[in-house]
Amino acid sequence: DVKKLNTLKRHLDWAYSEVGYAPPNRSLTTNPRAPDQSTGPGISLVSIPPEKKAMAQKIIDAFATAGFGQFQQIAAVANALVESNLNPNTHQADDSWGLFVLRRKTGLGGDHSPEDLMNPDINIGLVVAEAKKYPSFAAATSLDDAVDSFVRWIERPVNLNSEIIKRQQIARQLFRS
């Protein structure tokens, strides 16, 4: 199916760039590690350090598999960048853990152990499940709306309006228009 093929292509393109091979659609006379020069809208991970791209891709893939579009995928990555800088081992003093810094007991972390919340698949899975509860997130038709909805309903930081603006700016760096 098309979704699976697109996921495989994305993974192959990422793997090519990580090991320095030139993918079939790129010239061998240009630097394969150069920024993505492809045209058209889409997700660009150029602004993310190479060692963090795998975690960003994991978030993108999870949200794509759940049926969310590119705006929602970018919104999720932008939020994880702000929350943990894509570090799955993040821990904050208020008993919050993982990529999306999920608070235990009173937040999305629920009764999960710190070890569970530091597992990227579990952490991302909890956020995807929460995202599915908010039709405004799934229905967002712009990048700014997707980020706004994600921050407002899923992440719920203390300084809501300033956090929305900060995350929208980060999300714009991840979107190739």
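Structure's up top.
Residues numbered from 1 in each chain as written. Predicted model: local features only at pLDDT ≥ 70, side-chain atom pairs only at ≥ 80, totals over all residues. Heavy atoms only, no water.

**With respect to helix 2 (residues 53–65)**
Definition in use: Here a strand is any run of E in DSSP of at least two residues, a helix any run of H or I of at least four, and the numbering for each starts at the N terminus. In this analysis, the expected span of each helix is defined as 1.5 Å times one less than the number of residues it contains. Burial classification: accessible surface area is computed with a 1.4 Å probe over protein chains only, and a residue below 20% of its type maximum counts as buried, one above 50% as exposed, and the rest as partly exposed.
If you check helix 2, its first and last C-alpha atoms are 18 Å apart, about what 13 residues at 1.5 Å a residue would give, namely 18 Å. Where helix 2 is concerned, the buried positions are K53, M55, A56, Q57, I59, I60, D61, F63 and A64. The first or second residue beyond helix 2 is G67, which carries a positive phi of 95°.

**Description of the packing of helix 2 against helix 3 (residues 70–84)**
Counted only if it meets this: Between the N-to-C directions of two axes lies an angle of 0 to 180 degrees, each axis being a line fitted to C-alpha atoms and, for a helix, fitted only over the stretch in contact. By convention, the crossing between two helices is left-handed when the near helix turns anticlockwise from the far helix through less than a right angle, and right-handed when the turn is clockwise. Here, residues are in contact when the closest pair of their heavy atoms is within 4.5 Å.
At a minimum axis distance of 9 Å, the contact between helix 2 and helix 3 shows a crossing angle of 140°. Helix-helix and strand crossings are classified by hand; for helix 2 and helix 3 the assignment is right-handed. Seen from helix 2, the contacting residues are A56, I59, I60, F63 and A64; seen from helix 3, they are Q72, Q73, A76, V77 and A80.

**Some remarks on the packing of aromatic side chains**
Quick note on the threshold: Only Phe, Tyr and Trp rings take part, Trp by its six-membered ring, and two of them pair if their centres are within 6.5 Å. Stacked means planes under 30 degrees apart, edge-to-face means over 60, and tilted covers everything else.
Scanning the model with the defined rule gives eight aromatic pairs in all. A centroid spacing of 6.3 Å and a plane angle of 80° characterise the contact between F63 and F137, whose relative ring orientation is edge-to-face. Here F63 is found in helix 2, whereas its partner F137 is found in helix 6 (residues 135–138), with 74 residues between them in sequence. Relative to W153, the ring of Y134 has its centre 6.1 Å away and its plane inclined at 15°; by these criteria the two rings are stacked. Taken together, the residues Y134 in the loop between helix 5 (120–131) and helix 6 and W153 in helix 7 (residues 143–155) connect sequence positions 19 residues apart.

**Details of helix 5**
This is how the line gets drawn: An arc is given here, and it is the one of the directions from the helix axis to the C-beta atoms.
Between its terminal C-alpha atoms helix 5 stretches 16 Å, which fits the 16 Å expected from 12 residues at 1.5 Å a residue. Buried within helix 5 we find P120, N123, I124, V127, V128, E130 and A131. Taken around the axis of helix 5, the buried residues stretch over an arc of 160°, which confines them to a single face.

**Section: the layout of surface pockets**
To keep it simple, the criterion reads: Of the grid points, spaced at 1 Å and generated over the protein atoms alone, those admitting a 1.4 Å probe that cannot get out make up cavities, while open sets with protein on both sides within 12 Å along at least five of seven lines make up pockets; any residue with an atom within 4 Å of a point is treated as lining. Grid points are joined across faces, edges and corners, and a volume is the space filled by probe spheres set on the points. All residues other than Ala, Val, Leu, Ile, Met, Phe, Trp, Tyr, Cys, Pro, Asp, Glu, Lys and Arg, Gly among them, are scored as polar; the first ten of these are nonpolar and the last four charged.
Approximately 440 Å³ is the volume attributed to the second largest pocket. Looking at the second largest pocket, it is lined by 18 residues, and the ones nearest its centre are V101, R103, E155, R156 and P157. When grouped by side-chain class, the residues that make up the lining of the second largest pocket number seven nonpolar, five polar and six charged.

**What about the side chain of S149?**
Examined against the element boundaries, S149 turns out to sit in helix 7. A relative accessible area of 4% means that S149 is categorised as buried. If we skip the residues at most four places from it in the chain, S149 touches S136, F137 and I154.

**Some remarks on the sheet that holds strand 4 (residues 102–103)**
Spelled out, the test is: In short, DSSP must find at least two bridges between two strands for them to pair.
Strand order in the open sheet formed by three strands is 2-3-4, and the pairing between neighbours is antiparallel. What marks the edges here is a single partner per strand, and that holds for strand 2 (91–92) and strand 4. Direction of pairing for strand 3 (residues 96–97) relative to strand 4: antiparallel, over a ladder of two bridges. By the bridge assignment, S96 is partnered in strand 4 with R103.

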